[in-house]
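What follows is the residue order along each chain.
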Amino acid sequence: MELNLTGKVALVTGSTSGIGLGIAERLAEEGCTTIMNAHLPAEEVTGVLSELAEKYDGEIEYRQADMSNPDAIGKLLEGIISHHQQLDILVNNAGVQVVSPIQDFKNEDWENVQDINLNSAFHTTKAAFPGMLKRGWGRIIHIASAHGLVASAFKAAYVTAKHGMIGLGKVTALEGAEHGITCNMICPGYVLTPLVDQQIDDQAKVHKISRDRVIAEIMLTPQPTKKFVQIEEIAALAAFLCSDHAASITGAAIPIDGGWTAR
Ligand code: NAD
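This structure is a prediction, so every number in the text was calculated from the model and none was measured.

K.L.:
Quick question: what am I supposed to make of helix α1 (residues 18–29) here?
P.N.:
Each α-helix turn comprises 3.6 residues. Residues three or four places apart therefore point the same way. In this model, α1 (twelve residues) spans 17 Å end to end at C-alpha, consistent with the 16 Å of a helix rising 1.5 Å per residue. Among the residues of α1, those classed as buried are Gly 18, Ile 19, Gly 20, Leu 21, Gly 22, Ile 23, Ala 24, Glu 25, Leu 27 and Ala 28.

K.L.:
Mind showing me how you'd approach the site of the ligand here?
P.N.:
Of all residues adjacent to the ligand, which total 29 residues, the nearest are Ser 17, Asn 93, Tyr 158, Val 191 and Thr 193. Between the ligand and Ile 19 there is a distance of 2.8 Å, counted from an oxygen atom to a backbone nitrogen or oxygen. One of the backbone N or O atoms of Asn 93 is found 2.7 Å from an oxygen atom in the ligand. In isolation the ligand offers 830 Å² of accessible surface; the protein chains occlude 90% of this area. When residues of the shell around the ligand are traced back to their parent elements, those giving at least two are α1, β2 (33–38), α5 (156–176) and α6 (194–207). Ranked by the residues each element gives to the shell around the ligand, the list is headed by α6, at three residues. Classifying every residue of the shell around the ligand by side-chain character gives 15 nonpolar, twelve polar and two charged. Viewed by domain, the shell around the ligand spans two of them, domain 1 (9–189 + 230–255) and domain 2 (190–228), each represented by three or more residues.

K.L.:
Looking at this structure, I do not really get the pattern of salt bridges. What am I missing?
P.N.:
Two side chains carrying opposite charge are able to pair once their charged atoms lie near each other. Summed over all chains, the structure comprises eight salt bridges. As a salt-bridge pair, Glu 25 and Lys 55 come within 2.7 Å of each other at their nearest N and O atoms. With Glu 25 in helix α1 and Lys 55 in helix α2 (residues 46–55), this residue pair connects regions lying 30 residues apart in the sequence. Of the charged contacts in the structure, one is a salt bridge between Glu 61 and Arg 63, with a shortest N-O distance of 2.6 Å. The class of Glu 61 is buried, set by a relative accessible area of 13%.

K.L.:
What is the right way to look at unusual backbone geometry in this model?
P.N.:
Comment: phi is negative for the bulk of residues other than glycine, and the bulk of peptide bonds are trans. In the Ramachandran plot, Lys 208 falls in the positive-phi region, its phi being about 55° despite a non-glycine side chain. Summarising the element assignment, Lys 208 is placed in the loop between α6 and α7 (211–219). With phi around 60°, Lys 226 is a residue other than glycine that occupies positive phi space. Structurally, Lys 226 can be placed in the loop between α7 and α8 (231–242).

K.L.:
In this structure, what is going on with the sheet that holds strand β6 (residues 181–188)? I would like to understand it.
P.N.:
Read across the sheet, seven strands follow the order β3-β2-β1-β4-β5-β6-β7 without closing on themselves; strand pairing throughout is parallel. Looking at strand neighbours, the two that pair on one side only are β3 (60–64) and β7 (253–256), the edges of this open sheet. Each adjacent strand pair in this sheet contributes to an overall mean axis angle of 20°, direction not counted. Note: β2 against β3, five bridges, orientation parallel. Among the inter-strand pairings, Met 36 is bridged to a residue of β3, identified as Tyr 62. Packed onto the sheet, helix α4 (residues 107–135) meets β4 (89–92), β5 (138–143) and β6 and runs at close to 175° relative to β4.

So, how was this worked out
Residues numbered from 1 in each chain as written. Predicted model: local features only at pLDDT ≥ 70, side-chain atom pairs only at ≥ 80, totals over all residues. Heavy atoms only, no water. Helix = DSSP H or I, 4+ residues; strand = E, 2+ residues; numbered from the N terminus. Expected span 1.5 Å × (residues − 1). Buried < 20%, exposed > 50% of the residue type's maximum accessible area, 1.4 Å probe, protein only. Near = heavy atom within 4 Å. Polar contact = N/O pair within 3.5 Å; in protein donor to acceptor, adjacent residues only side chain to side chain. Areas by Shrake-Rupley, 256 points an atom, 1.4 Å probe, with all protein chains shown as cover. Nonpolar A, V, L, I, M, F, W, Y, C, P; charged D, E, K, R; others polar. Domains from an automatic or database assignment. Salt bridge = Lys/Arg side-chain N within 4 Å of Asp/Glu carboxyl O. Pairing = 2+ DSSP bridges. Axes fitted to C-alpha atoms, helices over the stretch in contact; angles between N-to-C directions. Contact = heavy atoms within 4.5 Å.

In structure tokens, the structure reads:
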């Protein structure tokens, strides 16, 4: 199926590793001008950037910005729009996790999780929306989570932020509906990214069990497939949602979670 994304300008926030990197790579493969982002200095991402630039013909660039900082987000979006004259696709992917019982949850951790996961999606959407309205075309995708649909203990900030992203995305979908703009939320279950890989090691130490047992008995217990969701599966869904084949899919929170939220 042709997705016809050549020439579209796409920003993927938090795209130097894991899911964001997979989505950036897939959009580059589809011919988008792809803007990658993280809070890391440019010299730390030259490897990953040149690897993608060698593989794909389209323009790929990196723009550093702290997605917890509204001013930095404003400058990021202004810079992109003034350089490329357009931003067609916005993927809000940057995210962090903090695990703690509510009574011990540090205020600064709560705020940081809201800022990076949820508030950044509001600020990027607000800045990208006028140009999309003007051109009558836009695609906004929030990488939410199965935790945007159901809760788990000890993840108060993350579950709240991911539920919030789904609310924000539904409103955005309604406001964009008559203007060729869609907004959808992808809700993955567990994906084996560097972040989750580190959690496996941590859990193995705490529980004094092997990595295999952590994966089988702790991480994949909620996922009926008993398999991690693959980054490429999420990237393929994101690319499809960006295409005109998905023009009538908007305001949807789409689980890609091996059946987790079907229970
Ligand atoms: P990851 O740690 O591999 O990637 C996170 C990315 O965000 C990195 O590029 C990191 O540099 C960037 N980032 C972190 N803080 C930032 C900041 N302040 N400013 C800009 N960039 C920042 O994690 P991942 O697992 O690929 O997660 C990506 C998204 O997918 C997150 O929103 C996460 O909540 C969501 N998600 C992940 C899983 C999973 O199991 N891995 C499941 C559901 C949803």
